[in-house]
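# Analysis of the macromolecular model
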Amino acid sequence: MSPVSLALLVLLLPLAAAGFIACFLRRRGGAASFLSIAVAAVIAVGAFALALGGNRFEAATEWLRLGDFAFSLGFKFDDLAALMLVIVGIVGLCVHVFSAGYMHDDASRGRYFAGLSIFMFSMIGIVLADNLFMMFIFWELVGFSSWLLINHWFGKPAAAAASKKAFITNRVGDFGFLLGIVMCYWLRGTVNLSELGAQGAAGHALFSRAIPLLLFCGAVGKSAQIPLHVWLPDAMEGPTPVSALIHAATMVAAGIYMLCRIEVLMVPDALTVILWVGAATALYAALCAFTQRDIKKVLAYSTISQLGYMVAAFGLGSVRGIDERGEVVVVAAGVGAAMFHLTTHAFFKALLFLGSGSVIHGCHGEQDVFRMGGLASRMKFTFATFTIGVGAIIGLPLLAGFYSKDAILALAYANNRGAFAVLALTAVLTGIYMLRLWLVTFFGAPRSEAAGAAHEGGFALGAPLAVLAVLAAVGGYFGLHPGAFSGAFAGVFSLVHEAAGAAATVILATSIGILLAAAGIAFAVYRPAKVSAAGDAVEASAPGLFAALVALKESFDRVYDYYIRKIQQRLAMLLNFIDIIGLAGLLIRGGAGLVGMVGLGARALHVGKLSSYVYWFLAGVVVLWLFASGVL
Amino acid sequence: MTTDPFDPLLIAIAAPLAVALAIGLGLPKRWSVRLAYLGFATPFLMALHVWWHYSAVPKVHGYAFLTEHATGLSGVGITLELGVNGIAMPLFVLAGLVGFAAGLCAIRSGAERLKVYLMLLLVMLSGLMGTFASVNLFFFYFFHELALIPTFIMVGVWGGRDRVYAAMKMTIYLTAGAMLSLLGLIAIYVKSGARRFDMIALRDILAAHPLASGSQAHIFGLLLFGFGILVALWPMHTWAPLGYGAAPTSTAMLHAGVLKKFGLYGLIQIALPLLPAGALPWGHLLAGLAVFGNIVVVGLITLAQRDVKQMIGYSSVMHMGYAFLGIACGTALGVGGVVLLMVAHGLSVALLFLLSTNIWQRTRTLDMDEMGGLARQAPILAAFFTAATFASIGLPGFANFWGEFTIFVAAWKFSHCLTVFAVLGIVLSAVYGLRAAARIFFGEPSVAFARAAGDQPPTDLSWTERLPALILLGALLFVGFWPQSISQSIQGVLQTGIYRTH
């Protein structure tokens, strides 16, 4: 099988599966889950075959032509796409298998697995797309699959509201994304990624900044960056495996992947904006995580924060530095660091989410960590894998997150000390809130009946945790050894910036310092003896600080809510009123201008009788006929 | 001219008319209904035939299936010339598809005086097929009126709330629009000196001897506002939501889905090619009204709607803004996008009106605040409605995406600022579309609805209800995944260079 047809198979198979399930297997949940998992397995195998097979190819076919405008669909399969495809394949398969256990008793399993398959189709489309038009199509489709899966339990008003919010917030980002694509098409003459790469960044001063920033709007929506991050915490209303796959590992990372795809369009000003949006998001979301009691919401804010890390890493990319000899050099390492962290994050965050799913499953639906406790002894396997995930995210040496976070910190240290300070502070906060989550959930005495009776799930829940735990432990190896897997991902990982000399010492010291500080604070504040079911230790001891954090967290939602209810909806009502009373009643019927006069004339001719219109029309035809034949 | 005795266009026009005549002559009700199936299915099959064979059959002056039938008025240039070019073909197919779906819905509607209702609907369908199959301007207009008059009657007699007022208002507006456009058509006829009404001759003559740009602009203005009223150009749109809210389902499907496209079709097929210089001075006014009026203002108004049908009606007015924007661009890309959007919008709005009636049959209300949670009892209905909503808000995979997307691309070349506001529409439509789906189908049912549903639990869509919806949804997905299925014929016309390239 040629690589192109294999890629085509990997892309279309999940679509076919989703269609088949929607048409024939809606009520046969078992068969639907089997089909969907089988397809996910084929995708994972296909992804590895494509990535390690060594073929890097481009292929395109024209799909629509109107006038001079041509729209094509095609694949651009380079090392970047190979890496992303493998991530999607592995995490996708793990989540599919996990879902088989987690959703076993759900009456709408068919719809759920059809949704997962639709998602795989859409996500793989983004990964393989060779042009921005095509990427936009699949970009919208992942938004749709996200909507579908968040809305899975549509009877819950919160789920219905969250799915709507997710889609609309993403559409706000896509508004900019689409404008950026259209602008790119006309000003650069193409939207093909390779052709854009050949052109390099240049052109009109205003538009060369506008294009990357508008495209970045798409990433702000999809990757939940400030100010469009509000949808992601709410999206936790969806089933937990969905949160792991879509709202942690893959879809939300698509924004960073897209940025790496359009790296050639970047100009320094745009990168600076991207850097600070990412850094602000990383810090802001880390602070918000402290206010959460829901295990999934803590992880959701953590995801936002980590995505901010990746975006900041990308933004650091082209910041120019000065080397030892005093020469200006471009440190083009943003793509490498961002994708490295994206990779390790996909593994450890999927692990953490699936672990939280296992916890929720074990506690019969309980999601409040303050009503858990003591799970370390009752759910030993989940505890062990979750601990690896926590270790990875807080940067425990030798685990994956340690290396990718250091790569970003090293880049920041080299290029922008301000960003370095923000990101280091974020890392400390990350350590504290993750250890808080870990301590409160797994240690101390059980604080509810459900936690006391907690139990492990079966094989379907355990196996994916094991796979992801291994990857979260060794995932850092890729970045350190770009030549691994016969260099399949070298195109990405060779870009990872490694600190050398004094900088390396500083980074290592910072990294260890971060870890020690975080661990010290976390163990002091959240040690099991201090935790009660009533609430957070910080809330009890420093209510002012806690209230400030809550206010910070809610500020965006408050503003948007005010805008929607007080401004947008009132404007809509006002316009509606004007439409009914003003336009319909006065302007048009009042007969201003030619239109009104004809309207009045017409009305005069048929007062209350529709049928008279027929005669009138016939009379008109006669007049026309007389006129045309020269009688008149 | 083909001499093949099998003329699918004539059959598509004549079959529903003949069935209507037979019913009118007093056929018993049982036979009327059976014959009505034939009357609605024949244009559908002919439309599929035309679509399937379009690329293979020989074209005369760009028209396929071209035939001429004497009318006794050939002295003044009025002959029944039938044919479809690449722009007419997709709309002819649209009319066949929506006509069949609307017919199936009407036959099962159990309306009072069903025979008369079906008769009027068949006449309307005949007119629709004729409009898009006519090469002669006289018949183009004649068939439009043939479809329009039954619309008024059906709204006035079989309509819902406010039907008399709605019918009156529709009549006034649409008559005014039709009169203005008729004036424009006559002006073209007179000024060209062609003494012929057929578009091919007019196009040749006006290409050789273009009108003075001043008179082109005047005539274009007449056509623009005449056709504009018919398509609900802001601020002459208020008839539309009111009329559709009151109209019986099948009528709303056929009018909003197909007949309304007459105005856009006229602008594309007649005004732009025959009066190329006349379009320029109107471009910015038209685009401004379309973007700020139809897309932004009406988009916001749609947010305020509580009634499902009003919401669909306003959203349909909003989507016409994209179409007007594409026409204002006047370029090949813009025009091509409008044709794609016309087909897509026709299918999706017909589907939404159809499903909103299915909803009403289960909830006995159209007020979205009084519903909620219907997806539990009617998951298939929820899936169809959600799919139709996503289609109408331009999700890729549905036909509407191609239309909106290409129009946005075309619009940038016309005006950067207007494009920004036009693209804002994708956010507005997502808000009202998803909000409606959520209020009707998801979350908890309202107290009133829960009580009503407790007495008599709503059932899901039956297979006979699903069939018309499946036809429309299938077509939306088909074009959505495979746009060449209609864009190739459109491109055939665009390639001839009758529209600007920039």
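Residues numbered from 1 in each chain as written. Chains lettered and ligands numbered in written order. Predicted model: local features only at pLDDT ≥ 70, side-chain atom pairs only at ≥ 80, totals over all residues.

## Some remarks on the overall build of chain A
A count of helices and strands for chain A gives 28 helices and four strands. Each of the 632 residues in chain A was classed as buried or not, and the buried ones make up 57%. Sequence-distant contacts, at least 24 apart, represent 79% of the contacts inside chain A between residues at least 6 apart. (Helix = DSSP H or I, 4+ residues; strand = E, 2+ residues; numbered from the N terminus. Buried ≥ 20, exposed ≤ 12 C-beta atoms within 10 Å, placed from the backbone. Contact = placed C-beta atoms within 7 Å.)

## Some remarks on the overall build of chain B
Secondary structure assignment for chain B yields 21 helices and three strands. Over its C-alpha trace chain B gives a radius of gyration of 22 Å, about what one expects of a compact globule, namely 23 Å for 502 residues. Dimensions of chain B along its principal axes, counting C-alpha atoms only, are 70 × 60 × 40 Å. Put simply, chain B has 502 residues, and 67% of those count as buried. (Rg over C-alpha atoms; globule rule 2.2 N^0.38 Å.)

## A look at the interface of chain A and chain B
Frequently, the measure chosen for interface size is the accessible area removed from exposure when the parts meet. With 54 residues of chain A in contact, the opposing surface of chain B contributes 65 residues. Here the side of chain A that touches chain B is built from residues that sort into 38 nonpolar, eight polar and eight charged. (Nonpolar A, V, L, I, M, F, W, Y, C, P; charged D, E, K, R; others polar.)

## Notes on the environment of L395 of chain B
Take L395 of chain B: it is sitting in the loop between helix 16 (379–392) and helix 17 (399–414). Look at L395 of chain B and you get buried, because 23 C-beta atoms sit within 10 Å. Each C-alpha atom of the pair L395 of chain B and G480 of chain B lies 9.2 Å from the other, and the pair is 85 residues apart in sequence. Those residues in contact with L395 of chain B that lie beyond four places of it in its chain are E140 and F144 of chain A together with F390 and F401 of chain B.

## Re the nonpolar core
If you look at the biggest cluster of nonpolar residues, it comprises 462 residues, and the most contacted ones within it are A350 and L423 of chain A. Residue contributions to this core peak at 19 residues, all from helix 14 (residues 332–363) of chain B. Not counting the four nearest positions on each side in its chain, A350 of chain A is found in contact with V91, C94, V95, A244, L245, A248, A249 and L468 of chain A. (Core = buried A, V, L, I, M, F, W, Y, C linked by C-beta atoms within 7 Å.)

## Quick word on helix 21 (residues 484–494) of chain B
Looking only at helix 21 of chain B, the buried set comprises I486, S487, S489, I490, V493 and L494 of chain B. Along the axis of helix 21 of chain B, the buried positions cluster into a sector of 160°, meaning they face one direction only. In this fold, the buried residues of helix 21 of chain B make contact with strand 1 (57–66) of chain A together with helix 3 (88–107), helix 14 and helix 20 (463–481) of chain B. (Arc of directions from axis to C-beta.)

## Description of the confidence of the model for chain A
Residue and element names in this part refer to chain A. Taken over all residues, the pLDDT of chain A has a mean of 85, while the share at 70 or more is 88%. Every residue in residues 590–594 is under pLDDT 50, and counting partners more than four places away or in other chains gives six contacts. Contacts for the low-pLDDT stretch residues 604–608, under 50 throughout, to residues beyond four places or in other chains number five contacts. (pLDDT = per-residue confidence, 0-100.)

## Some remarks on unusual backbone geometry
Here the residue pair I226 of chain A and P227 of chain A is connected by a cis peptide bond, since its omega of 5° sits within 30 degrees of zero. Following the sequence through the fold, P227 of chain A ends up in the loop between helix 8 (205–222) and helix 9 (231–234). The omega torsion of the bond from W234 of chain B to P235 of chain B falls at 5°, within 30 degrees of zero and hence cis. Its location among the elements puts P235 of chain B in the loop between helix 8 (213–230) and helix 9 (239–246). At R113 of chain B, a position not held by glycine, the phi torsion is positive, near 45°. By the element assignment, R113 of chain B lies in the loop between helix 3 and helix 4 (114–133). One non-glycine residue with positive phi stands out, namely R364 of chain B, at about 60°. Relative to the helices and strands, R364 of chain B is located in the loop between helix 14 and helix 15 (374–377). Residue R364 of chain B is classed as exposed on the basis of its C-beta count, with 12 C-beta atoms lying within 10 Å.

## A short note on the packing of helix 5 (residues 137–158) of chain B against helix 6 (residues 163–192) of chain B
Residue and element names in this part refer to chain B. With their axes 9 Å apart at the nearest point, helix 5 and helix 6 run at an angle of 170° to one another. Between helix 5 and helix 6, the angle is such that the two are roughly antiparallel. Between helix 5 and helix 6, the contacting residues are L137, Y141, E145, L148, F152, V155 and G156 on the first element and R163, V164, A166, A167, M170, T171, L174, A178, L182 and L185 on the second. A breakdown of the residues in the contact of helix 5 with helix 6 according to their chemical character gives 13 nonpolar, two polar and two charged. (Axes fitted to C-alpha atoms, helices over the stretch in contact; angles between N-to-C directions. Parallel < 35°, antiparallel > 145°, perpendicular 65-115°, else oblique.)

## Things to note about the pairing of strand 2 (residues 63–73) of chain B
A regular strand carries its side chains on alternate faces of the sheet. Alignment of strand 1 (residues 59–60) of chain B against strand 2 of chain B, held across two bridges, turns out to be antiparallel. Counterpart to V60 of chain B in the pairing with strand 2 of chain B is Y63 of chain B. (Pairing = 2+ DSSP bridges.)

## Concerning the packing of helix 8 of chain A against helix 11 (residues 254–261) of chain A
Two quantities define a packed helix pair, namely the angle between the axes and the distance from one axis to the other. Residue and element names in this part refer to chain A. Between helix 8 and helix 11, the shortest axis-to-axis distance is 8 Å and the interhelical angle comes to 160°. Comparing the axis directions of helix 8 and helix 11 gives the class roughly antiparallel. Taken as a pair, helix 8 and helix 11 cross one another with a handedness that is left-handed. Contact residues: F216, G218, A219 and K222 in helix 8; A254, G255, I256, M258 and L259 in helix 11. Grouping the constituent residues of the contact of helix 8 with helix 11 by class yields six nonpolar, two polar and one charged. (Left-handed = near helix turned anticlockwise from the far one by under 90°.)

## Some thoughts on the environment of T459 of chain B
All names here are of chain B. Looking at the element boundaries, T459 is found in the loop between helix 19 (447–455) and helix 20. According to the C-beta neighbour criterion, T459 is exposed, with 12 such atoms within 10 Å. Expressed as a C-alpha distance, the spacing of T459 and A399, which sit 60 residues apart in the sequence, is 30 Å.

## Things to note about the sheet that holds strand 1 of chain B
All names here are of chain B. Pairing in this open sheet of three strands is antiparallel, and the strands run 1-2-3 from one edge to the other. With partners counted over all chains shown, the strands left at the sheet margins are strand 1 and strand 3 (78–84), one partner each. Note: strand 2 against strand 3, five bridges, orientation antiparallel. Bridge pairing links L73 to I78 in strand 3.

## A closer look at helix 1 (residues 3–24) of chain A
Residue and element names in this part refer to chain A. Here helix 1 is 22 residues long and its end C-alpha atoms lie 31 Å apart, about the 32 Å a rise of 1.5 Å per residue gives. By the largest-angle criterion, L12 marks the main kink of helix 1, which is about 30°, and a proline, P14, follows within four residues. All of the buried residues along helix 1 are A7, V10, L11, L13, P14, L15, A17, A18 and I21. Summarising the contacts, the buried residues of helix 1 are in contact with helix 2 (29–52), strand 2 (69–77) and helix 4 (109–128). (Expected span 1.5 Å × (residues − 1). Bend = angle between axes of the 7 residues up to and from the residue.)

## Description of the pairing of strand 2 of chain A
With nine bridges connecting them, strand 1 of chain A and strand 2 of chain A associate as antiparallel partners. In the sheet register, E58 of chain A faces strand 2 of chain A, and the bridge partner there is K76 of chain A.

## As for the environment of F48 of chain A
All names here are of chain A. Among the secondary structure elements, F48 is positioned in helix 2. For F48, a count of 17 C-beta atoms within 10 Å translates into the label partly exposed. Along the chain, F48 and K566 lie 518 residues apart, while their C-alpha atoms are 52 Å from each other.

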